[in-house]
Amino acid sequence: MKKLVCLVAIISLACAAIARPHGGMPPPRHGGHHLRHHGGIAAGIIGGAIVGGLLYDALRPAPVVVSQPTVVVPQPVVVQPPVVVQQPVIVQQPAQPVYQVQNVWVAGRYVDQVQSNGTVVRVWQPGHYEQQKVLIN
């Protein structure tokens, strides 16, 4: 970079020296020579800067582009357990039997009775009503 700045400065001074008026023209009497001298130096400096800039663009090294290697990072796989919705288990209780108490006629009949001496005697038992539980369903 320092070499380039020195090159631009040298080119600017060379252009300024070339732009100076030479001995072929007489200087004007009202001080124009002084103005022309400074105008030539300014034009030389500007021209040198332009030429130096062009040389700078032509001589500077091309930028080095280094591509970074592509790194593939595997994404973690998130596995969520499936949502299990269990239906409530309905256990039906067996229906409880429904009973009703009713008076039921029991027909008369003979019943065997054992006597205290061990003999068996057949006796008539007349019909009658009894309360019984009757299944209703």
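Residues numbered from 1 in each chain as written. Predicted model: local features only at pLDDT ≥ 70, side-chain atom pairs only at ≥ 80, totals over all residues. Heavy atoms only, no water.

The secondary structure content of the protein chain amounts to 2 helices and 4 strands. Its helices and strands taken in sequence order, the protein chain reads α-α-β-β-β-β from the N to the C terminus. A total of 137 residues make up the protein chain; the buried ones form 7% of that total. Intrachain contacts of the protein chain at a sequence separation of at least 6 include 57% that bridge at least 24 residues. Accessible surface, the protein chain: about 12600 Å² in total, of which carbon and sulfur atoms supply 63%. (Helix = DSSP H or I, 4+ residues; strand = E, 2+ residues; numbered from the N terminus. Buried < 20%, exposed > 50% of the residue type's maximum accessible area, 1.4 Å probe, protein only. Contact = heavy atoms within 4.5 Å. Areas by Shrake-Rupley, 256 points an atom, 1.4 Å probe, with all protein chains shown as cover.)

The next thing to look at is the pattern of salt bridges. All told, the structure shown has 1 salt bridge when counted by the stated rule. The salt bridge involving Asp112 is made with Arg122; its shortest N-O contact spans 3.1 Å. Taken as a pair, Asp112 in strand E2 (residues 109–114) and Arg122 in strand E3 (residues 120–125) lie far apart in primary sequence, 10 residues in all. (Salt bridge = Lys/Arg side-chain N within 4 Å of Asp/Glu carboxyl O.)

Before going further, it helps to examine a nonpolar patch on the surface. Judged by side-chain polarity, Ile46, Ile50 and Leu54 come together as a nonpolar surface patch covering roughly 330 Å² of accessible area. Structurally, Ile46 is set in helix H2 (residues 32–59). (Patch = residues over 30% accessible without salt bridge, like charges linked within 9 Å, V, L, I, M, F, W, Y side chains within 5 Å.)

Let's shift gears to the environment of Tyr129. Structurally, the position occupied by Tyr129 is in strand E4 (residues 128–136). Judged by relative accessible area, which is 60%, Tyr129 ranks as exposed. In this structure, the C-alpha to C-alpha distance between Tyr129 and Trp105, residues 24 residues apart in sequence, is 4.3 Å. With residues up to four places along the chain from it excluded, the contact list for Tyr129 reads Asn103, Val104 and Trp105.

The next subject is the environment of Val101. You can see Val101 is positioned in strand E1 (residues 98–106). Measuring from C-alpha to C-alpha, the distance between Val101 and Gln132 comes to 5.5 Å, with 31 residues separating the pair along the chain. With sequence-adjacent residues up to four places away left out, Val101 is seen in contact with Gln131, Gln132 and Lys133.

Our next topic: the pairing of E3. One ladder, built from 6 bridges, connects E2 with E3; its direction is antiparallel. When the sheet's bridge partners are listed, Tyr110 is paired in E3 with Trp124. (Pairing = 2+ DSSP bridges.)

So, on to the packing of aromatic side chains. Counted according to the given criterion, the structure contains 2 aromatic pairs. Centre to centre, the rings of Tyr110 and Trp124 are 5.0 Å apart; their planes meet at 70°, and the pair counts as edge-to-face. Separated by 14 residues along the polypeptide, Tyr110 in strand E2 and Trp124 in strand E3 bring together distant segments of the chain. Of the residues examined, Tyr110 reaches a relative accessible area of 55% and is grouped as exposed. You can call Trp124 partly exposed: its relative accessible area is 48%. (Phe/Tyr/Trp six-rings, centres within 6.5 Å; stacked < 30°, edge-to-face > 60°.)

Next up on the list: the environment of Asn117. Locating Asn117 in the fold gives a position in the loop between E2 and E3. On the accessibility criterion, Asn117 (60% relative accessible area) is exposed. Reaching out from Asn117, the side chain makes a polar contact with the side chain of Thr119 at a distance of 2.7 Å. (Polar contact = N/O pair within 3.5 Å; in protein donor to acceptor, adjacent residues only side chain to side chain.)

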